[in-house]
Amino acid sequence: DWMLARATNLTDAYSKRDNGEDPKVLVDCGIDEVAAAGIPERGLLTVLAAHAGHGKSAVAAGFLEGAARQGYGAVGFFFEDPAEMLTDRTFSKYLKSSATDLRQLKTVSPNHGRLASAKEMQTVLGKVAASAKPWASRIRMFSNKLTVRALFERIAELIATVDNLALIVVDYAQIFISDDANKEHVIDMLATQLAEVARDHHLAILLLSQVNTSKVMERGQQTLRSWRFNNRDGVPDRAAIEGFVPVVGELMWAPGALQQRARAVIFVFRPAVILNMLKVPTVDDVLELVFAKNNYGPTPDPVLLRWHGITTSISSIQRFDPKVVQAGF
């Protein structure tokens, strides 16, 4: 009975694909390399993890915007960053300047080579908001911290009200832990329920996670010493810093729970951050999505994306510029 039902379901999906319709297997985020890797996949929970500052929140935000641009409904829970900073990240990408400069009132008018005036900023920011409205209206964003129970109550409401909902991002697992709670139990409960929601409602869910940075750095230094022993006169390269890429057992606090509940575990890694730390001058313009686990097929090769450091955003490495509208002054 399972095989017959699945055969009917798969045939329907293939027919939709052949007719140019959305077969609702993946959530298209508008990035060719990401789609080719088969992520984010509907019906499954994926854990996205990284060292602090390597860009996991930026990747998640890029997936949300990309999905919304493709016509999907999307939901983001970003509990660590206030709403103002999340919005500044979007503004900065349109302005092609940093969110830090925007917050510190240091945005420069490219036409005049001086600090932009309030009148200029009002015009430009209004233009940005207007151009973003068609896709931004498809995203529901939340920045207030919730309990696990309140999170799932909110998700249930959104499932019932958001049109064509396909993607949910929760940033991040460890923020739900309190001092008096069993950390492993809380994260296990969170991941288990998210996996059930993804399965029952055919959604792609990304759960972000911290990694045990000290443990990763210790292992990375060990493998680097080994590399240097065999390459005494060489300058460290990508192969030399492989040990700094986290592994599943280095997810913070509850690696077993996250590994068991997630269909895939993906690490965000920027090689230039490590190489520059090692005093090897490197252009920081590439971000890797490294697959550490894939339950339902072969583990894909790392996905290389373009990293835009000024705007902390991602895009296809084949198409250098993000799909944004230049606001202009």
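So, here is what we can say about the structure in this document.

### Observations regarding the nonpolar core
In step 1: In this structure, Phe 77, Leu 151, Leu 167 and Leu 289 are the most contacted members of the largest nonpolar core, which totals 85 residues.
In step 2: In contact with Leu 167, other than residues within four places in its own chain, are Val 27, Pro 40, Phe 63, Leu 64, Ala 67, Gly 73, Ala 74, Val 75, Ala 204 and Leu 206.
In step 3: Formed by 12 residues, the second largest nonpolar core is a distinct cluster that contains Leu 224, Phe 244, Val 245 and Val 290.

### Digging into the pattern of salt bridges
Once their charged atoms are close, side chains differing in charge can pair, the charge on each being opposite to the other.
In step 1: Evaluated as defined, the whole model comprises 15 salt bridges.
In step 2: Across the pair Glu 242 and Arg 238 runs a salt bridge whose closest N-O atoms are separated by 2.8 Å.
In step 3: Residue classification places Glu 242 among the partly exposed residues on the basis of a relative accessible area of 43%.
In step 4: Using a relative accessible area of 25% as the deciding quantity, one classes Arg 238 as partly exposed.
In step 5: Residues joined by salt bridges that share partners form a network here, namely Glu 65, Arg 69 and Lys 93.

### Here's the deal with unusual backbone geometry
In step 1: Of note, the bond from Ile 39 into Pro 40 is cis; its omega dihedral lies within 30 degrees of zero at -15°.
In step 2: By the secondary structure assignment, Pro 40 is in the loop between α2 (32–36) and β1 (45–50).
In step 3: With a phi angle near 55°, Asn 164 is a residue other than glycine that sits in the positive phi range.
In step 4: Along the chain, the position of Asn 164 falls in the loop between α7 (148–161) and β6 (165–171).
In step 5: What makes Asn 164 partly exposed here is its relative accessible area of 38%.
In step 6: Not every positive phi belongs to a glycine, and Thr 312 is a case in point at roughly 45°.
In step 7: Along the chain, Thr 312 turns up in the loop between β10 (303–308) and β11 (313–316).

### Considerations on the pairing of β1
In step 1: Of all six residues in β1, six are buried, a share of seventy percent or more.
In step 2: Residues of β1 alternate between two faces, with Leu 45, Val 47 and Ala 49 on one and Thr 46, Leu 48 and Ala 50 on the opposite face, all of them buried.
In step 3: Alignment of β1 against strand β7 (residues 204–210), held across six bridges, turns out to be parallel. Bridge pairing in β7 links Ala 50 to Gln 210.
In step 4: In this structure, β1 lies alongside strand β8 (residues 264–269), joined through five bridges in parallel fashion. By the bridge assignment for β8, Thr 46 is matched with Ala 264.

### Quick look at the packing of helix α3 (residues 56–69) against helix α4 (residues 83–95)
Packed helices, taken two at a time, are described by the angle their axes make and the gap between the axes.
In step 1: Between α3 and α4, the shortest axis-to-axis distance is 12 Å and the interhelical angle comes to 75°. With respect to α4, the axis of α3 lies roughly perpendicular. Residues Ser 57, Ala 58, Ala 61, Glu 65 and Arg 69 of α3 lie in contact with α4, whose contacting residues are Arg 89, Lys 93 and Tyr 94.
In step 2: Class assignment for the residues of the contact of α3 with α4 results in three nonpolar, one polar and four charged.

### As for α7
In step 1: A rise of 1.5 Å per residue sets the reference length of α7, with its 14 residues, at 20 Å; its end C-alpha atoms lie 20 Å apart and thus fit the reference within 8%.
In step 2: When we look at burial in α7, the residues that qualify are Val 148, Leu 151, Phe 152, Ile 155 and Leu 158. Seen end-on, α7 carries its buried residues on one side only, within an arc spanning 120°. Of the exposed residues in α7, those oriented more than 90 degrees away from the buried face are Arg 149, Ala 160 and Thr 161.
In step 3: Summarising the contacts, the buried residues of α7 are in contact with β2 (73–78), β5 (139–142), β6 and α8 (183–201).

### Overview of α3
In step 1: Between its terminal C-alpha atoms α3 stretches 20 Å, which fits the 20 Å expected from 14 residues at 1.5 Å a residue.
In step 2: Burial analysis of α3 places 12 of its 14 residues in the buried class, the great majority of the element.
In step 3: Just past α3, the residue Gly 71 takes up positive phi, approximately 100°.

### Observations regarding the sheet that holds β5
In step 1: One open sheet accounts for nine strands, arranged β5-β2-β6-β7-β1-β8-β9-β10-β11; its pairing is mixed. Whereas interior strands pair on both sides, the edge strands pair on one side only; in this sheet they are β5 and β11. Taken pair by pair, the neighbouring strands of this sheet meet at an average axis angle of 25°, ignoring direction.
In step 2: Set on the sheet, α3 makes contact with β1, β2, β5, β6, β7, β8, β9 (286–294), β10 and β11; between it and β2 the angle comes to about 160°.
In step 3: Across the sheet, α8 lies against β1, β6 and β7, angled at about 160° from β7, the strand it touches most.

The rules behind the values
- Residues numbered from 1 in each chain as written.
- Predicted model: local features only at pLDDT ≥ 70, side-chain atom pairs only at ≥ 80, totals over all residues.
- Heavy atoms only, no water.
- Core = buried A, V, L, I, M, F, W, Y, C linked by side-chain atoms within 4.5 Å.
- Buried < 20%, exposed > 50% of the residue type's maximum accessible area, 1.4 Å probe, protein only.
- Contact = heavy atoms within 4.5 Å.
- Salt bridge = Lys/Arg side-chain N within 4 Å of Asp/Glu carboxyl O.
- Helix = DSSP H or I, 4+ residues; strand = E, 2+ residues; numbered from the N terminus.
- Pairing = 2+ DSSP bridges.
- Axes fitted to C-alpha atoms, helices over the stretch in contact; angles between N-to-C directions.
- Parallel < 35°, antiparallel > 145°, perpendicular 65-115°, else oblique.
- Nonpolar A, V, L, I, M, F, W, Y, C, P; charged D, E, K, R; others polar.
- Expected span 1.5 Å × (residues − 1).
- Arc of directions from axis to C-beta.

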